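Given next are the chains, with one letter for each unit.
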Amino acid sequence: MSTTTINPLRIGSIELEHPFVQAALSGYSDWSMRALAREYGASYTVAEVMIDRFASEVKVSGKTAHHFRVEDSDHPVGAQLMGSDPEKFIVAAKRLVDSGFDVIDINFGCPVKSAIGGCRGGYHLGEPESAIKIIQSVRDTVPGEIPVTVKMRRGIDDTSESRDNFFQILEQAYSCGVAAVTVHGRTVEQKYIGPSNWDFLREVKEFAGENTVLGSGDLFSAEDCVNMLQQTGVDGVTIARGAIGNPWVFQQARNLLFENQSPNPPSIHEQRTALERHLELALLHHKESAIGAIRKFGFKYARLHPQTVALRKAFSKLRSIQDWERLLAENYAHDGPGIFPVVDEIQRP
Ligand SMILES: Cc1cc2nc3c(=O)[nH]c(=O)nc-3n(C[C@H](O)[C@H](O)[C@H](O)COP(=O)(O)O)c2cc1C
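The structure presented is a predicted model; accordingly, all values stated were derived computationally and were not measured.

Engineer: Quick rundown of the pattern of salt bridges? Include the residues and the values.
Structural biologist: For the structure shown, the criterion picks out 15 salt bridges. Of the charged contacts in the structure, one is a salt bridge between Glu 57 and Arg 53, with a shortest N-O distance of 3.9 Å. On the criterion of helical spacing, the pair formed by Glu 57 and Arg 53 is a turn pair, its members being four residues apart in helix 2 (residues 52-57). In this structure Glu 57 comes out as partly exposed when scored by relative accessible area, which is 47%. A salt bridge links Lys 88 to Asp 85, with the nearest nitrogen and oxygen atoms 3.7 Å apart. Through salt bridges with shared partners, a single ionic network connects Arg 53, Glu 57, Asp 85 and Lys 88.

Engineer: Report on unusual backbone geometry, specifying residues and quantitative values.
Structural biologist: Going from His 75 to Pro 76, the amide bond is cis rather than trans, its omega being -5 degrees. Mapped onto the fold, Pro 76 is located in the loop between helix 2 and strand 5 (77-82). Phi is positive for Asn 260, close to 55 degrees, though the residue is something other than glycine. Here Asn 260 shows up in the loop between helix 9 (249-259) and helix 10 (268-286). Under the relative-accessibility criterion, Asn 260 is labelled partly exposed at 35%. The phi angle at Lys 287 is positive, at roughly 55 degrees, despite the residue not being glycine. Mapped onto the elements, Lys 287 comes out in the loop between helix 10 and helix 11 (290-301).

Engineer: Which residues make up the environment of Cys 176, and what are the values?
Structural biologist: Structurally, Cys 176 is set in helix 6 (residues 160-176). With a relative accessible area of 12%, Cys 176 lands in the buried category. Taking C-alpha positions, Cys 176 is 7.1 Å from Arg 139, a pair spaced 37 residues apart along the chain. Apart from the residues lying within four places of it in its own chain, the contact partners of Cys 176 are Ile 132, Ile 135, Gln 136 and Arg 139.

Rules behind the numbers
- Residues numbered from 1 in each chain as written.
- Predicted model: local features only at pLDDT ≥ 70, side-chain atom pairs only at ≥ 80, totals over all residues.
- Heavy atoms only, no water.
- Salt bridge = Lys/Arg side-chain N within 4 Å of Asp/Glu carboxyl O.
- Helix = DSSP H or I, 4+ residues; strand = E, 2+ residues; numbered from the N terminus.
- Buried < 20%, exposed > 50% of the residue type's maximum accessible area, 1.4 Å probe, protein only.
- Contact = heavy atoms within 4.5 Å.

Structure follows, in structure tokens:
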């Protein structure tokens, strides 16, 4: 792979250090995952999606404050909203800006049944007028220096009507002043079955011209990330399933793109250091419920260890912080080479 000159990734007034971004991941990209991703080299991170009603109405208390958490070391960080009511979006967006988020991202991609049934997420890809109304309302309300961005799938389905709707929303989004659009190259109907269509991403970037486009879908390694940039021309990529339990991917992709340096899997001791740090961050964030929040990550980290299957089982049985520490002491004490995760494993829900 040759060394490449790549334009800097800009999201409005924010210029990012490199194009490798931590994607929004419901159930995962909480404060602790985002903090770790930044420490390991992500240039920008996006929080888990929040429903407009929740973000606009919830009383911020001990139990809910973590959704709004932003620390000095987190910047730049995006918040993401999903909903059906422009008025609620406005209140929620203001609240998130006041909490310290640097970017407001609007989710028009979620394929989950309850989201579609509630006229949220991917539902809007079939309703360009309502989608544009939401974008316009948020853009008009949020202070000018805060970029507003949109996350979309490539359509509801494979019909030409769906495609037309996609490009209508895309064009209008940029006209409304949206600073960047992230496109996941699967349809809503597709959910996670079958590949993300990277040819479509190339078309989107050609259509968008100078406007910023980030690509999403099937980014499971540093090579995938660089390939997407080079094959589609998108300005940045958002790493999703490939970054869960694999915070090394950001730096590996950066080194591959800018220094032509092929990645090695993290050694067992490097994995242990990350697992210990992840626990520390989860304890800061989730306190007594940290183990519940972090166990599913352990399961994913196990993919990088030569004893993947046995470790997955062991992580799934953890009940306490002491169990976590014992597991690390027993399985990560001796250094040695790690392995790259198998793609089929990464794709598992
Ligand atoms: C568990 C999970 C949760 C997700 N949550 C969100 C979310 O909150 N907001 C969002 O825009 N996309 C979300 N996505 C979609 C991802 O950001 C990404 O677009 C998608 O997984 C495709 O990338 P991949 O094939 O590289 O995983 C989620 C995906 C998964 C697997």
